[in-house]
Each structure stands twice: as structure tokens, then as C-alpha cells.
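Each chain is listed here by its residues.
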Amino acid sequence: MTNLYTNLDQTNIPKHVAFIMDGNGRWAKSQGQHRLFGHAAGVESVKEIIKTAREIGVQFLTMYAFSTENWNRPAEEVAGLMDLLVQAITNETDDMHKNGVRLLTIGDIEALPEGCVSSLKEAIDKTKDNTALTLILALNYSARWEITNACKLIAEKVKQGVLSTDQITEDQINKTLNTSMIPDPELLIRTSGECRISNFLLWQLSYTELYFTAVQWPEFRRAEFIHAICAFQQRERRFGLTSEQLNEHK
Ligand code: FPP
């Protein structure tokens, strides 16, 4: 391990880190390049973050790769992003598998182009028993879509008499969301200087520490990730308690 890791408290590594990967387009423009050049560079950041996460022991990574709102981008960019996704999955699955990475998705992937759906399903199936790290790609995802769906599913169960209204608990809602098998993130990182959540994991982020950086996603690499985790380790996570109460339990 390099010096980069010396400030890192190995006993307080977040189990789950979520990312809003923003700034690919602006970064590409700053290089005098097309937006897709920025997305391609963004894939390199994804690869480096996965590698770093494995090295330091982060167990779950969720990446907001395509939102339900992203369909409104120019058709050429949407098609380019889908191609990039298929290319990344095709090129990286063997390596991910070798390194014990399990791939999952959240969002309505059935509405993605057919080539995308099949390569995703193949990669998900191939990596399903891996345990070193779970990579969750949020694709055609938005939190309001996810919560609306959960409401419909629960309402249907109540209508069928399988569930009573008293049984609609936080736990029941957790179980009905796309993320049912995934712990809530302890840390959310958004790049590119925007300080908002943009319809991402609205339920799951209730107690998550938020970290915003001006660095554009294609330049968000190992050092920036470690820096974000060190910043997280300085935070006091109180979950509604007082500082004194927390210290009593230490
Ligand atoms: C935001 O930058 C980025 C996206 C909408 C897509 C993110 C996708 C990738 C990094 C590539 C595919 C991912 C995987 C996991 C293989 P932006 O276009 O909104 O940038 P801007 O705000 O500067 O315009």
C-alpha cells in the first residue's frame, strides 16, 4: 500500500459508497472534445474506483450510470452511452469475475436496448456468487420511480389480503425497494461541484454522509476517493442522538 493510505482508519471503512458521477461533459469540453470522450474517460474512473474499493475493503459500490431523465439527452449521446456500457461490460466482466466482483443493477433495465439487457444479464449471472465486492449499476433508475413502484406492489398485496396496513413498516418498504439485498450507503459522493441528490436513492440516503467535490468525474481517481473516505471518517454520525450520548457508548 502506498502513502496515500496512511491517513485512512482501516477500522472505519464505509461498507457501501454511492456515487453520482457528474461532470463528464464539462470535462470533455475543457479538453476541446466531444461529450462521449468524457463518458469514455469516466469509465476509466469507474474501473479505478472499483479497484481501490477492493483494496481498502469497501463492500458495496453503487454508481448512478443512467437516470430515467437521461433519456431526454440528444439521441446520439444516449446511443453512445449505451454502446459504452455494453463495451465496458463486455471488456471488464472477466476481470471483475477474477477479482470477486458481483454485478447487480437497480432501475428498469428491461427498457434498455436489447444488446444492453443481454450483456448485463450475462454479466450478472456469471458474477452472481462473487463476494469480494458488489458493484450496483443504477440504470434507467430514479428514486421516485423506485418508491412509486414499491407503493404499487405493497398496495397490491394489501388488496389481495396478503398484507394488512399495520404490516406496512419501514422494514416492509426496505424489502420492496430495488435495493432490498443491499445495506444503505454510509457515504454518497457527487463530483463536479453540483450539490444535489437528483432523484437518487432518496429513501436509502436518509442517514448517509454527503460529500461534494468540484473534481469532474473523469478526474475522480484513487487519491480523490481516499480523500473522500478520510473526510467521511472525520464526520460524527449521530443518527438523531446527541454527541454526549454517542460518546457514552464508546
Ligand atoms: C454525468 O456527466 C454522467 C453520466 C450521465 C453518465 C455516467 C456514465 C459513465 C461514467 C459511463 C458508463 C458507466 C459505466 C458504469 C460503465 P454529465 O454528462 O452530466 O456531465 P456534465 O454535467 O458536465 O454535462
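Residues numbered from 1 in each chain as written. Predicted model: local features only at pLDDT ≥ 70, side-chain atom pairs only at ≥ 80, totals over all residues. Heavy atoms only, no water.

1. As for the pairing of strand β4 (residues 133–141)
- Here β4 lies mainly inside the structure; 9 of its 9 residues are buried.
- Pairing geometry for strand β2 (residues 60–67) and β4, over 7 bridges, is parallel. If you follow Leu-61 over to β4, its bridge partner there is Leu-135.
- In this fold, strand β3 (residues 101–106) hands off to helix α4 (residues 114–126), which returns the chain to β4; that crossover is left-handed. (Buried < 20%, exposed > 50% of the residue type's maximum accessible area, 1.4 Å probe, protein only. Helix = DSSP H or I, 4+ residues; strand = E, 2+ residues; numbered from the N terminus. Pairing = 2+ DSSP bridges. Right-handed = clockwise from strand over helix to strand, strands pointing away.)

2. What about the packing of helix α3 (residues 75–98) against α4?
- In contact at an axis separation of 9 Å, α3 and α4 are set at 15 degrees when each is read in the N-to-C sense. In this view, α3 runs roughly parallel relative to α4, as classed from their interaxial angle. Where α3 crosses over α4, the two elements pack in a sense that is left-handed. Contacts from Met-82, Leu-85, Val-86, Ile-89, Thr-93, Asp-94 and His-97 of α3 reach α4 at Gly-115, Cys-116, Ser-119, Leu-120, Ala-123 and Lys-126. (Axes fitted to C-alpha atoms, helices over the stretch in contact; angles between N-to-C directions. Parallel < 35°, antiparallel > 145°, perpendicular 65-115°, else oblique. Left-handed = near helix turned anticlockwise from the far one by under 90°. Contact = heavy atoms within 4.5 Å.)

3. Observations regarding helix α7 (residues 222–234)
- End to end, α7 covers 19 Å across 13 residues, agreeing with the expected 18 Å (1.5 Å per residue, within 8%).
- Within α7, burial applies to Arg-222, Phe-225, Ile-226, Ala-228, Ile-229, Cys-230, Phe-232 and Gln-233.
- Contact partners of the buried residues in α7: β1 (16–20), α2 (35–56), β2, β5 (187–190) and β6 (209–212). (Expected span 1.5 Å × (residues − 1).)

4. Examining the site of the ligand
- For the ligand, the set of nearby residues contains 17 residues, the closest of which are Met-21, Gly-25, Arg-26, Arg-35 and Arg-73.
- Separating an oxygen atom of the ligand from a side-chain N or O atom of Asp-22 is a distance of 3.0 Å.
- Within the backbone of Arg-26, an N or O atom sits 2.7 Å from an oxygen atom of the ligand.
- Protein burial of the ligand: of its 630 Å² of free accessible surface, 91% is covered by the chains.
- Judged by the proximity of its atoms to the pocket grid, the ligand belongs to the largest pocket.
- Among the secondary structure elements, those contributing two or more residues to the shell around the ligand are α1 (24–30), α2 and α3.
- If you tally residues by element for the shell around the ligand, the top one is α2, at 4 residues.
- Considered class by class, the residues forming the shell around the ligand number 7 nonpolar, 6 polar and 4 charged. (Near = heavy atom within 4 Å. Polar contact = N/O pair within 3.5 Å; in protein donor to acceptor, adjacent residues only side chain to side chain. Areas by Shrake-Rupley, 256 points an atom, 1.4 Å probe, with all protein chains shown as cover. 1 Å grid on protein atoms, 1.4 Å probe; cavity = no way out; pocket = protein on both sides within 12 Å on 5 of 7 lines; lining within 4 Å. Sits in = over half its atoms within 2 Å of the grid points. Nonpolar A, V, L, I, M, F, W, Y, C, P; charged D, E, K, R; others polar.)

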